[in-house]
Amino acid sequence: MFLRRHPLLAFLSLLLLAGLACTTLLGEPPPPLPAPPTLMINTPPPATPAGGSLAPTVTPIATPATTGATVRALVDVNIRTGPGIQYGRDGFLLAGESAFITGRDPSSGWWQIQCPPRADGPNCWVTGGSRYTSASNTQDVPVALVPPTPTSPASSTPPAASTQTAGSGQDGDQPLPAATLPAGGNLLGSPLLVYVNDGLINLMRLLPAGELLTAGPITQVDPGGPVSALTIAPNGQQIAYLQDNGNQNALYLVSAGGGSPLPLVSAADLPQGRVIDQVQWLANSQSLAFSTRSDLGGSPAGLPNAADLWLVSPGNPAREIYPAGSGGGTFTLSGQDELLFSRPGDIARGRLDGSQFLPVLTFTPPNTGSEFAYLPQPQWLADSSARVAIPTQGPLGRNTGAALWRIPAGEPGQQVGSLNGNILNNPIIWSPDGARLAYVRQSPALARQSLELLLADGQGQEPQSYALGAALGFLAWNPAGTTFLYRGDGFYAVGAPDQPPLSTLLPAGSAVQSGQWLTPNNFLVIVGSTGNWQIIGGTPAGAAIPLVTLSDPLPVYAAWSP
């Protein structure tokens, strides 16, 4: 009777009983799901189309959840009706947008979120993959009820009520759609990134996703010990690596598809007191050339290594082609196996059978200001000739410069030009066709710590100043010779002749360790600091995506593209 006359009290009583029942059934909340680690260190905003912004700056797009946890999209990412790509797509988050987290699925690592206006709901989920999203304040996020798994594969088309305005999003740590794979699905034709992390060699295929190359399948190989160097065969199907153990090392071979490493040669197989130094593949992708050095870091005749050359291939013992002292301080092979040795006073040509050793140019050794002899660094070009720059005898003085040489295949070197400036510690880099060159110099007119990046034609004529600043370093031309990659103090940049650079700033304390191009429109840069490195993929338009984080003191990696 009392409850009937007081309906409000009756309603409140029912709510209290329901709350007690829920508490009794659910018990203690499960342990919190830790937030996925964020790989992104600096991602430029999406490109802005002509006439307006791609998307407004978005604050969290729903009423705050009681936990206060949020997830932010690092790239355009799909929203799905359940935790996985087997569920239907129900909208998307644009790069930079955020949503409030309402639950988690520990088995998949996906987040349940409050549905944004562009999604139908009622269930909205987004990947927790650290390449795609970043979550915060997740310590109190409860486990969510996972919807039943669909009985048929989810369609890649969003529901009709959901209008997508920014292209298809990504789904995180899942296989990429088949349309992104090479023709026939053969991954051996895909660009390959090989890197060492936590004591393992990782073989990662890079797959296209729009204009970027993103992380694909990874195969891991146990190298059996610390790895100091990696080199990929010209055909992209084999990787050679140096395993270092103190004053001993060994050269191993592993397939790009993974499997057990194959030992090729060990320091124990070499003359006493020597270890493997420089290694390079021959054009046939079946044999390797290498030189040796003293296992104590010393060298005969003041050279940085033993000035020898060896050949080795699977199933065959290493053969000494040029005995110690008869080769050069360094060597380089062209794509046609033309062999050049660099020595303190000349560059010599040799053959892989040990015959016809002949100097092709001589020079007065420049003063390096140290006990180390200067060794030129020839660069092979697309026409099978080489280019090399030789500094003047006193490159540390005010009136310094360099002579530019061309070494045609099978012919003596020919001086083709010169340029001004101290390039002793910053080698000149030609474009693949030899039509342009770039170099960094210390100019007497500049402050002591300032450097200058210049561009010129292939003979060093018509030099143009492109950038000034501290810590400048030229990294590489793209394969077409139209754009280039360089670094500076706290940034890396893409430049082009007669065009302003597009720079990407790095977090405080980070630096660019190295960089290279894979295609005319895709490059890799290694950025970070000791024990915290990232390999980032980028494009000349400024798009960037972190591919992997490395915890080793110094990054050891190699990359290959068809």
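Quantities reported herein were computed from a predicted structural model and do not represent experimental measurements. (Residues numbered from 1 in each chain as written. Predicted model: local features only at pLDDT ≥ 70, side-chain atom pairs only at ≥ 80, totals over all residues. Heavy atoms only, no water.)

Moving on: the overall build of the protein chain. Counting secondary structure elements, the protein chain contains two helices and 39 strands. By residue count, 48% of the 562 residues in the protein chain fall in the buried class. Sequence separation of 24 or more characterises 48% of the internal contacts of the protein chain that already satisfy a separation of 6 or more. Put simply, the protein chain shows about 26200 Å² of open surface, and 55% of that area lies on carbon and sulfur atoms. (Helix = DSSP H or I, 4+ residues; strand = E, 2+ residues; numbered from the N terminus. Buried < 20%, exposed > 50% of the residue type's maximum accessible area, 1.4 Å probe, protein only. Contact = heavy atoms within 4.5 Å. Areas by Shrake-Rupley, 256 points an atom, 1.4 Å probe, with all protein chains shown as cover.)

Our next topic: the sheet that holds strand E19 (residues 330-333). Pairing in this open sheet of four strands is antiparallel, and the strands run E19-E20-E21-E22 from one edge to the other. The sheet terminates laterally at E19 and strand E22 (358-362), the two strands that pair on one side only. Strand-to-strand twist in this sheet, taken as the mean axis angle between neighbours without regard to direction, amounts to 25°. Across four bridges, strand E20 (residues 339-342) lies against strand E21 (residues 346-350) in antiparallel orientation. Bridging from a neighbouring strand, Leu339 pairs with Gly350 of E21. (Pairing = 2+ DSSP bridges. Axes fitted to C-alpha atoms, helices over the stretch in contact; angles between N-to-C directions.)

Another aspect to go through is the state of the cysteines. Using the criterion set out here, one finds one disulfide in the structure. The disulfide that involves Cys115 links it to Cys124, with 2.0 Å between the sulfurs. Since a negative S-S torsion denotes a left-handed disulfide, the Cys115-Cys124 link at about 115° is right-handed. A relative accessible area of 25% places Cys115 in the partly exposed class. We classify Cys124 as buried; its relative accessible area is 1%. (Disulfide = S-S within 2.5 Å.)

Take the pairing of strand E34 (residues 499-505) next. Inspection of the sheet shows strand E33 (residues 491-496) paired to E34 by five bridges, in the antiparallel sense. Following the sheet pairing, Tyr492 is matched in E34 by Thr504. Between E33 and E34, which pair antiparallel one after the other, the connecting turn spans two residues, and Asp498 there sits at a positive phi close to 65°.

Let us look at the pattern of salt bridges. Inspection of every chain in the model, using the stated rule, returns seven salt bridges. One salt bridge in this structure joins Arg293 and Asp277, with 3.5 Å as the shortest N-O distance. Of the two residues, Arg293 is situated in strand E16 (residues 288-294) and Asp277 in strand E15 (residues 274-281); the sequence distance between them amounts to 16 residues. A residue is classified by how much of its surface remains accessible, and Arg293, at 26% relative accessible area, is partly exposed. A salt bridge links Asp346 to Arg343, with the nearest nitrogen and oxygen atoms 2.8 Å apart. Residues joined in a network through salt bridges with shared partners are Arg274, Asp308 and Glu320. (Salt bridge = Lys/Arg side-chain N within 4 Å of Asp/Glu carboxyl O.)

For Thr127, the location among the structural elements is in the loop between strand E6 (124-126) and strand E7 (133-136). Residue class for Thr127 comes out buried when judged on its relative accessible area of 2%. Along the primary structure Thr127 and Gly84 are separated by 43 residues, whereas in three dimensions their C-alpha atoms are 7.5 Å apart. At 2.9 Å, the side chain of Thr127 forms a polar contact with the backbone nitrogen of Gly129. (Polar contact = N/O pair within 3.5 Å; in protein donor to acceptor, adjacent residues only side chain to side chain.)

For the rest of this paragraph, the subject is the packing of aromatic side chains. Per the counting criterion, the structure on display carries 14 aromatic pairs. An angle of 45° between the planes, with centres 5.7 Å apart, marks the rings of Phe341 and Phe357 as tilted. Remark: Phe357 occurs in the loop between E21 and E22 and Phe341 occurs in strand E20; sequence separation between them is 16 residues. Considering the side-chain rings of Trp477 and Phe484, the 5.3 Å spacing of their centres and the 70° angle between planes classify their relative orientation as edge-to-face. (Phe/Tyr/Trp six-rings, centres within 6.5 Å; stacked < 30°, edge-to-face > 60°.)

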